[in-house]
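Listed below are the residues making up each chain.
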Amino acid sequence: MFLRKSKIAIAQVSAVLGEVEKNARHHLELAQKAKTQRADAIIFPELSLTGYTLRDLNNEVALDPSTSPLLKDLRDLSNEITIICGGVERSKTGGVHNAAFVFEDGKCKHSHHKIYPPTYGIFEEERYFLAGMTAKAFESSRLGRVGVLVCEDLWHPALPYMLAYQGAQLIITIAASPTRLGTGENSSDDIPVNYKINSDHHIAYARLFSTYIAFVNRVGVEDGVNFWGGSQLVSPSGVITKRGTFFDEDLLFVDIDPNAILHAREYSRHMLDENLLLTQQMLSETITLSRND
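As the structure is a computational prediction, the values presented were derived from the model and not from experiment. In this numbering scheme, every chain counts its residues from 1 along its sequence in written order. The model is predicted, so local features are restricted to residues of pLDDT at least 70 and side-chain atom pairs to those at 80 or more, both for listing and for counting; the totals for chains, interfaces and linings are taken over all residues. Derived side-chain values reflect all non-hydrogen atoms in the structure, with water molecules and hydrogen atoms excluded from consideration.

Draft legend 1. The arrangement of the packing of aromatic side chains in detail. Each Phe, Tyr or Trp ring, with Trp reduced to its six-membered ring, pairs with another whose centre is within 6.5 Å; inter-plane angles below 30 degrees give stacked pairs, above 60 give edge-to-face pairs, and intermediate values give tilted ones. Evaluated as defined, the whole model comprises 10 aromatic pairs. Centre to centre, the rings of Y161 and F209 are 6.1 Å apart; their planes meet at 75°, and the pair counts as edge-to-face. Taken as a pair, Y161 in helix 4 (residues 158-165) and F209 in helix 5 (residues 193-209) lie far apart in primary sequence, 48 residues in all. What makes Y161 buried here is its relative accessible area of 17%. Residue classification places F209 among the buried positions, given a relative accessible area of 7%. Per the convention used, a helix needs a DSSP run of H or I reaching at least four residues, while a strand needs a run of E reaching at least two, with both numbered from the N terminus. Here's how the labels work: a residue is buried when its accessible area is under 20% of the maximum for its type, exposed when over 50%, partly exposed in between, all with a 1.4 Å probe on protein chains only.

Draft legend 2. Seen up close, the confidence of the model for the chain. The predicted model of the chain has a mean per-residue pLDDT of 95, with 96% of residues at 70 or higher. Note that residues 181-188 has pLDDT below 50 and, in this model, 11 contacts with residues that lie over four places away or in other chains. A score between 0 and 100, pLDDT records how confident the predictor is in each residue. What makes two residues a contact is simply this: any of their non-hydrogen atoms within 4.5 Å.

Draft legend 3. Looking closely at the side chain of S210. Within the element layout of this structure, S210 appears in the loop between helix 5 and strand 9 (212-217). On the basis of relative accessible area, S210 is assigned to the buried category, the value being 2%. In this structure, S210 is in contact with Y205, P236, I261, A264, R265, H270 and M271, ignoring residues within four places of it in sequence.

Draft legend 4. Quick look at the pairing of strand 3 (residues 82-90). Among the nine residues of strand 3, eight are classified as buried, and the element is accordingly described as predominantly covered. Each pair of strands is called paired provided DSSP finds at least two bridges between the two strands. Here three bridges tie strand 2 (residues 41-43) to strand 3, and the two strands are oriented parallel to one another. In the strand pairing of strand 3, A41 is matched with T82. Two strands pair when backbone bridges link them, and strand 3 and strand 4 (residues 96-104) are joined in this way by eight bridges, in the antiparallel orientation. Residue pairing for strand 4: C85 is matched across the bridge by F101. Counting the residues between successive antiparallel strands, the hairpin from strand 3 to strand 4 contains five residues, one of them, G94, with a positive phi of roughly 105°.

Draft legend 5. Region of the structure containing the pairing of strand 13 (residues 240-243). For strand 12 (residues 232-234) and strand 13, the ladder comprises three bridges, and the chain directions are antiparallel. In the sheet register, V234 faces strand 13, and the bridge partner there is I240. Adjacent in sequence and paired antiparallel, strand 12 and strand 13 are bridged by five residues, among which G238 carries a positive phi angle near 90°.

Draft legend 6. Representation of the layout of surface pockets in the model. Its boundaries defined by the atoms lining it, the second largest pocket holds a volume of some 320 Å³. Both site types are read off a 1 Å grid over the protein atoms alone. A 1.4 Å probe that fits but cannot get out defines a cavity, while an open set with protein on both sides within 12 Å along at least five of seven lines defines a pocket; lining residues have an atom within 4 Å of a point. If you go around the second largest pocket, you meet 14 residues; those closest to its centre are A158, L159, Y161, M162 and L283. Among the secondary structure elements, those contributing two or more residues to the lining of the second largest pocket are helix 4 and helix 7 (276-292). All amino acids are sorted into three groups, where Ala, Val, Leu, Ile, Met, Phe, Trp, Tyr, Cys and Pro are nonpolar, Asp, Glu, Lys and Arg are charged, and the leftover types, Gly among them, are polar. When grouped by side-chain class, the residues that make up the lining of the second largest pocket number 10 nonpolar, four polar and no charged. Grid points are joined across faces, edges and corners, and a volume is the space filled by probe spheres set on the points.

Draft legend 7. Main features of the pattern of salt bridges. Every case where a carboxyl oxygen of Asp or Glu lies within 4 Å of a side-chain nitrogen of Lys or Arg is listed as a salt bridge. In total, this model carries 12 salt bridges according to the counting rule given. The partner of E80 in a salt bridge is K35, with the nearest N and O atoms 3.2 Å apart. Pair noted here: E80 is in the loop between helix 3 (72-77) and strand 3 and K35 is in helix 1 (residues 20-36), with a separation of 45 residues, a long-range link. Taking relative accessible area as the criterion, E80 reaches 47% and is therefore assigned partly exposed. Taking the relative accessible area as the measure of exposure, K35 reaches 26% and is therefore partly exposed. Between E125 and K114 there is a salt bridge, with its nearest N and O atoms 2.9 Å apart. One end of the pair, E125, is in the loop between strand 5 (107-113) and strand 6 (138-140); the other, K114, is in the loop between strand 5 and strand 6, and 11 residues separate them in sequence. Judged by its relative accessible area of 4%, E125 falls in the buried class.

Structure below.
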(Lines give C-alpha, C1' and ligand atoms only; values in the text may rest on other atoms or scores of the structure.)
Protein backbone atom coordinates (compact mmCIF):
# COMPACT_ATOMS: atom_id res chain seq x y z
CA MET A 1 0.00 0.00 0.00
CA PHE A 2 1.24 3.46 -0.85
CA LEU A 3 0.66 6.64 1.11
CA ARG A 4 -2.94 7.85 1.09
CA LYS A 5 -4.11 11.40 0.58
CA SER A 6 -5.09 12.53 4.06
CA LYS A 7 -5.43 15.32 6.56
CA ILE A 8 -3.49 15.03 9.82
CA ALA A 9 -3.87 16.94 13.07
CA ILE A 10 -0.67 17.54 15.06
CA ALA A 11 -1.57 17.97 18.73
CA GLN A 12 1.30 19.77 20.47
CA VAL A 13 0.24 19.40 24.10
CA SER A 14 1.48 19.28 27.65
CA ALA A 15 0.66 16.44 30.06
CA VAL A 16 -0.22 16.03 33.73
CA LEU A 17 2.45 13.84 35.31
CA GLY A 18 1.16 10.39 36.22
CA GLU A 19 -2.50 11.18 35.43
CA VAL A 20 -3.38 8.80 32.59
CA GLU A 21 -7.14 9.25 32.94
CA LYS A 22 -6.95 13.05 32.88
CA ASN A 23 -4.53 13.08 29.94
CA ALA A 24 -6.68 10.59 28.02
CA ARG A 25 -9.68 12.94 28.42
CA HIS A 26 -7.61 15.78 26.91
CA HIS A 27 -6.69 13.46 24.02
CA LEU A 28 -10.37 12.67 23.45
CA GLU A 29 -11.34 16.35 23.42
CA LEU A 30 -8.71 17.20 20.82
CA ALA A 31 -9.41 14.08 18.75
CA GLN A 32 -13.11 15.01 18.64
CA LYS A 33 -12.16 18.54 17.57
CA ALA A 34 -9.87 17.17 14.86
CA LYS A 35 -12.65 14.86 13.66
CA THR A 36 -14.99 17.82 13.20
CA GLN A 37 -12.29 19.34 10.97
CA ARG A 38 -12.34 16.11 8.90
CA ALA A 39 -8.87 15.02 9.99
CA ASP A 40 -8.04 11.39 9.23
CA ALA A 41 -5.55 11.12 12.09
CA ILE A 42 -4.29 12.99 15.13
CA ILE A 43 -0.79 12.68 16.57
CA PHE A 44 0.28 13.47 20.15
CA PRO A 45 3.80 13.77 21.67
CA GLU A 46 5.99 11.24 23.48
CA LEU A 47 4.52 9.97 26.77
CA SER A 48 1.51 12.22 26.19
CA LEU A 49 -0.69 9.94 28.29
CA THR A 50 1.61 9.98 31.33
CA GLY A 51 4.03 12.90 31.36
CA TYR A 52 7.76 12.51 30.87
CA THR A 53 9.70 12.63 34.16
CA LEU A 54 7.99 9.57 35.62
CA ARG A 55 10.91 7.77 37.26
CA ASP A 56 9.40 5.23 39.70
CA LEU A 57 5.87 6.18 38.60
CA ASN A 58 6.52 4.12 35.46
CA ASN A 59 5.20 0.96 37.06
CA GLU A 60 2.05 2.69 38.26
CA VAL A 61 1.10 4.07 34.83
CA ALA A 62 2.21 1.08 32.71
CA LEU A 63 -0.65 -0.59 30.84
CA ASP A 64 -1.67 -2.80 27.94
CA PRO A 65 -2.98 -0.46 25.21
CA SER A 66 -5.14 -3.21 23.75
CA THR A 67 -7.13 -3.88 26.91
CA SER A 68 -6.72 -1.02 29.40
CA PRO A 69 -10.13 0.41 30.42
CA LEU A 70 -8.47 3.83 30.72
CA LEU A 71 -7.97 3.83 26.94
CA LYS A 72 -11.30 2.28 25.91
CA ASP A 73 -12.74 5.61 24.73
CA LEU A 74 -9.64 6.26 22.62
CA ARG A 75 -9.91 2.80 21.06
CA ASP A 76 -13.61 3.37 20.35
CA LEU A 77 -13.03 6.80 18.80
CA SER A 78 -10.31 5.32 16.58
CA ASN A 79 -13.15 3.82 14.51
CA GLU A 80 -13.61 7.38 13.24
CA ILE A 81 -10.10 8.91 13.46
CA THR A 82 -6.65 7.32 13.83
CA ILE A 83 -5.02 8.32 17.14
CA ILE A 84 -1.25 8.14 17.69
CA CYS A 85 0.02 8.92 21.18
CA GLY A 86 2.70 8.09 23.74
CA GLY A 87 2.48 5.99 26.88
CA VAL A 88 4.15 3.35 29.02
CA GLU A 89 3.56 -0.24 27.95
CA ARG A 90 4.02 -3.22 30.25
CA SER A 91 6.10 -6.01 28.72
CA LYS A 92 5.36 -9.70 29.15
CA THR A 93 8.47 -9.99 31.34
CA GLY A 94 7.18 -7.33 33.76
CA GLY A 95 9.40 -4.48 32.58
CA VAL A 96 8.13 -1.31 30.90
CA HIS A 97 8.66 0.39 27.54
CA ASN A 98 8.44 4.01 26.44
CA ALA A 99 6.00 3.38 23.60
CA ALA A 100 4.06 4.96 20.75
CA PHE A 101 0.53 3.59 20.41
CA VAL A 102 -1.44 3.64 17.16
CA PHE A 103 -5.19 3.29 17.74
CA GLU A 104 -7.17 2.58 14.61
CA ASP A 105 -10.36 0.71 13.69
CA GLY A 106 -11.28 0.22 17.34
CA LYS A 107 -8.02 -1.39 18.48
CA CYS A 108 -4.34 -0.80 19.11
CA LYS A 109 -3.10 -1.59 15.62
CA HIS A 110 0.60 -0.93 16.24
CA SER A 111 2.94 -0.24 19.14
CA HIS A 112 6.53 0.94 18.75
CA HIS A 113 8.89 0.55 21.70
CA LYS A 114 11.56 3.26 21.88
CA ILE A 115 14.82 1.59 20.83
CA TYR A 116 17.22 4.20 22.19
CA PRO A 117 16.10 5.47 25.62
CA PRO A 118 18.76 8.13 26.34
CA THR A 119 20.79 8.09 29.55
CA TYR A 120 23.13 11.07 29.39
CA GLY A 121 22.98 14.72 30.48
CA ILE A 122 19.57 15.28 32.06
CA PHE A 123 18.18 12.03 30.61
CA GLU A 124 17.89 8.86 32.66
CA GLU A 125 15.43 6.77 30.68
CA GLU A 126 17.48 3.58 30.52
CA ARG A 127 17.28 3.35 34.31
CA TYR A 128 13.53 2.79 34.00
CA PHE A 129 12.68 1.65 30.46
CA LEU A 130 13.57 -1.47 28.52
CA ALA A 131 14.97 -0.77 25.04
CA GLY A 132 12.86 -1.80 22.07
CA MET A 133 14.35 -4.20 19.55
CA THR A 134 12.68 -3.42 16.23
CA ALA A 135 11.12 -0.72 14.04
CA LYS A 136 8.56 -1.80 11.44
CA ALA A 137 6.59 0.08 8.82
CA PHE A 138 2.90 -0.85 8.85
CA GLU A 139 -0.32 -0.31 6.93
CA SER A 140 -2.72 2.30 8.25
CA SER A 141 -6.22 2.06 6.82
CA ARG A 142 -6.42 5.87 6.72
CA LEU A 143 -2.82 6.95 6.06
CA GLY A 144 -1.28 4.14 4.03
CA ARG A 145 2.26 2.86 4.61
CA VAL A 146 3.82 4.66 7.59
CA GLY A 147 6.45 4.26 10.31
CA VAL A 148 6.54 5.56 13.88
CA LEU A 149 9.57 6.37 16.06
CA VAL A 150 10.03 7.93 19.50
CA CYS A 151 12.32 10.97 19.99
CA GLU A 152 15.95 9.73 20.33
CA ASP A 153 15.24 7.00 17.76
CA LEU A 154 15.33 9.63 15.00
CA TRP A 155 18.93 10.48 15.94
CA HIS A 156 19.98 7.02 14.74
CA PRO A 157 19.93 7.14 10.91
CA ALA A 158 19.53 3.37 10.51
CA LEU A 159 15.96 3.55 11.83
CA PRO A 160 14.42 6.05 9.36
CA TYR A 161 16.57 4.41 6.65
CA MET A 162 15.02 1.00 7.33
CA LEU A 163 11.49 2.35 7.67
CA ALA A 164 11.79 4.17 4.34
CA TYR A 165 13.00 1.02 2.58
CA GLN A 166 10.22 -0.98 4.23
CA GLY A 167 7.94 1.32 2.26
CA ALA A 168 7.03 3.98 4.84
CA GLN A 169 6.31 7.22 2.99
CA LEU A 170 5.39 9.10 6.16
CA ILE A 171 7.74 8.76 9.15
CA ILE A 172 6.18 10.04 12.36
CA THR A 173 8.33 10.86 15.39
CA ILE A 174 6.72 11.72 18.71
CA ALA A 175 9.02 13.55 21.11
CA ALA A 176 9.52 15.21 24.49
CA SER A 177 12.52 17.40 23.71
CA PRO A 178 13.62 19.71 26.54
CA THR A 179 14.81 23.29 25.99
CA ARG A 180 18.52 23.98 26.34
CA LEU A 181 19.55 26.56 28.92
CA GLY A 182 20.07 30.05 27.50
CA THR A 183 17.87 29.42 24.45
CA GLY A 184 14.25 29.84 23.53
CA GLU A 185 12.52 32.69 25.29
CA ASN A 186 15.88 34.15 26.40
CA SER A 187 17.58 33.89 23.01
CA SER A 188 18.09 36.84 20.70
CA ASP A 189 15.75 35.55 17.99
CA ASP A 190 13.22 33.68 20.16
CA ILE A 191 13.89 30.42 18.30
CA PRO A 192 15.24 27.59 20.47
CA VAL A 193 18.58 26.14 19.44
CA ASN A 194 16.91 22.75 19.77
CA TYR A 195 14.46 23.66 17.03
CA LYS A 196 17.18 24.76 14.61
CA ILE A 197 19.15 21.55 15.12
CA ASN A 198 16.15 19.24 14.92
CA SER A 199 14.61 21.03 11.96
CA ASP A 200 17.80 20.70 9.89
CA HIS A 201 17.80 17.06 10.87
CA HIS A 202 14.19 16.50 9.68
CA ILE A 203 14.78 18.32 6.39
CA ALA A 204 17.81 16.13 5.66
CA TYR A 205 15.88 12.90 6.27
CA ALA A 206 12.92 14.08 4.19
CA ARG A 207 15.22 14.86 1.25
CA LEU A 208 17.39 11.76 1.57
CA PHE A 209 14.47 9.34 1.75
CA SER A 210 11.91 11.37 -0.25
CA THR A 211 9.36 10.92 2.54
CA TYR A 212 7.16 13.09 4.70
CA ILE A 213 8.61 13.64 8.18
CA ALA A 214 6.15 14.53 10.94
CA PHE A 215 7.69 15.64 14.25
CA VAL A 216 5.35 16.12 17.22
CA ASN A 217 6.98 17.63 20.30
CA ARG A 218 5.42 18.43 23.66
CA VAL A 219 5.27 21.70 25.58
CA GLY A 220 4.92 22.68 29.23
CA VAL A 221 7.15 22.64 32.29
CA GLU A 222 7.66 19.45 34.27
CA ASP A 223 10.04 18.85 37.18
CA GLY A 224 11.90 22.05 36.23
CA VAL A 225 12.26 21.00 32.57
CA ASN A 226 10.77 23.21 29.85
CA PHE A 227 9.67 21.55 26.60
CA TRP A 228 9.85 23.75 23.51
CA GLY A 229 7.23 22.48 21.06
CA GLY A 230 7.94 23.60 17.49
CA SER A 231 6.23 20.54 15.98
CA GLN A 232 6.37 20.42 12.21
CA LEU A 233 5.66 18.59 8.98
CA VAL A 234 8.40 18.45 6.36
CA SER A 235 7.55 17.56 2.76
CA PRO A 236 9.48 14.94 0.69
CA SER A 237 11.36 17.78 -0.99
CA GLY A 238 12.54 19.14 2.37
CA VAL A 239 10.12 22.05 2.71
CA ILE A 240 8.60 22.83 6.12
CA THR A 241 4.89 22.96 5.31
CA LYS A 242 3.74 23.96 8.79
CA ARG A 243 5.28 24.58 12.22
CA GLY A 244 3.78 24.79 15.69
CA THR A 245 4.33 27.61 18.14
CA PHE A 246 7.13 27.52 20.71
CA PHE A 247 6.33 26.76 24.36
CA ASP A 248 2.50 26.77 23.99
CA GLU A 249 -0.06 24.12 23.12
CA ASP A 250 -1.06 24.13 19.46
CA LEU A 251 -3.24 22.12 17.09
CA LEU A 252 -1.99 22.07 13.50
CA PHE A 253 -3.77 20.66 10.47
CA VAL A 254 -1.59 19.47 7.60
CA ASP A 255 -2.36 17.81 4.28
CA ILE A 256 -0.50 14.74 3.06
CA ASP A 257 -0.31 14.38 -0.73
CA PRO A 258 1.06 11.12 -2.20
CA ASN A 259 1.92 12.96 -5.42
CA ALA A 260 4.58 14.89 -3.51
CA ILE A 261 6.41 11.59 -2.94
CA LEU A 262 6.31 10.77 -6.66
CA HIS A 263 7.47 14.24 -7.67
CA ALA A 264 10.40 14.16 -5.21
CA ARG A 265 11.55 10.77 -6.48
CA GLU A 266 11.16 11.77 -10.11
CA TYR A 267 13.22 14.91 -9.49
CA SER A 268 16.01 13.04 -7.72
CA ARG A 269 16.38 9.25 -7.95
CA HIS A 270 18.89 8.69 -5.12
CA MET A 271 16.28 6.99 -2.93
CA LEU A 272 15.19 4.68 -5.74
CA ASP A 273 18.76 3.81 -6.75
CA GLU A 274 19.91 2.68 -3.29
CA ASN A 275 21.63 -0.73 -3.43
CA LEU A 276 20.28 -2.56 -0.38
CA LEU A 277 22.30 -5.71 -1.02
CA LEU A 278 25.49 -3.64 -1.08
CA THR A 279 24.41 -1.96 2.16
CA GLN A 280 23.83 -5.37 3.73
CA GLN A 281 27.25 -6.60 2.58
CA MET A 282 29.07 -3.49 3.82
CA LEU A 283 27.23 -3.57 7.13
CA SER A 284 28.26 -7.19 7.66
CA GLU A 285 31.87 -6.30 6.85
CA THR A 286 31.75 -3.30 9.19
CA ILE A 287 30.46 -5.44 12.06
CA THR A 288 33.27 -7.92 11.49
CA LEU A 289 35.88 -5.17 11.41
CA SER A 290 34.55 -3.55 14.58
CA ARG A 291 34.71 -6.87 16.43
CA ASN A 292 38.33 -7.30 15.41
CA ASP A 293 39.39 -3.82 16.61
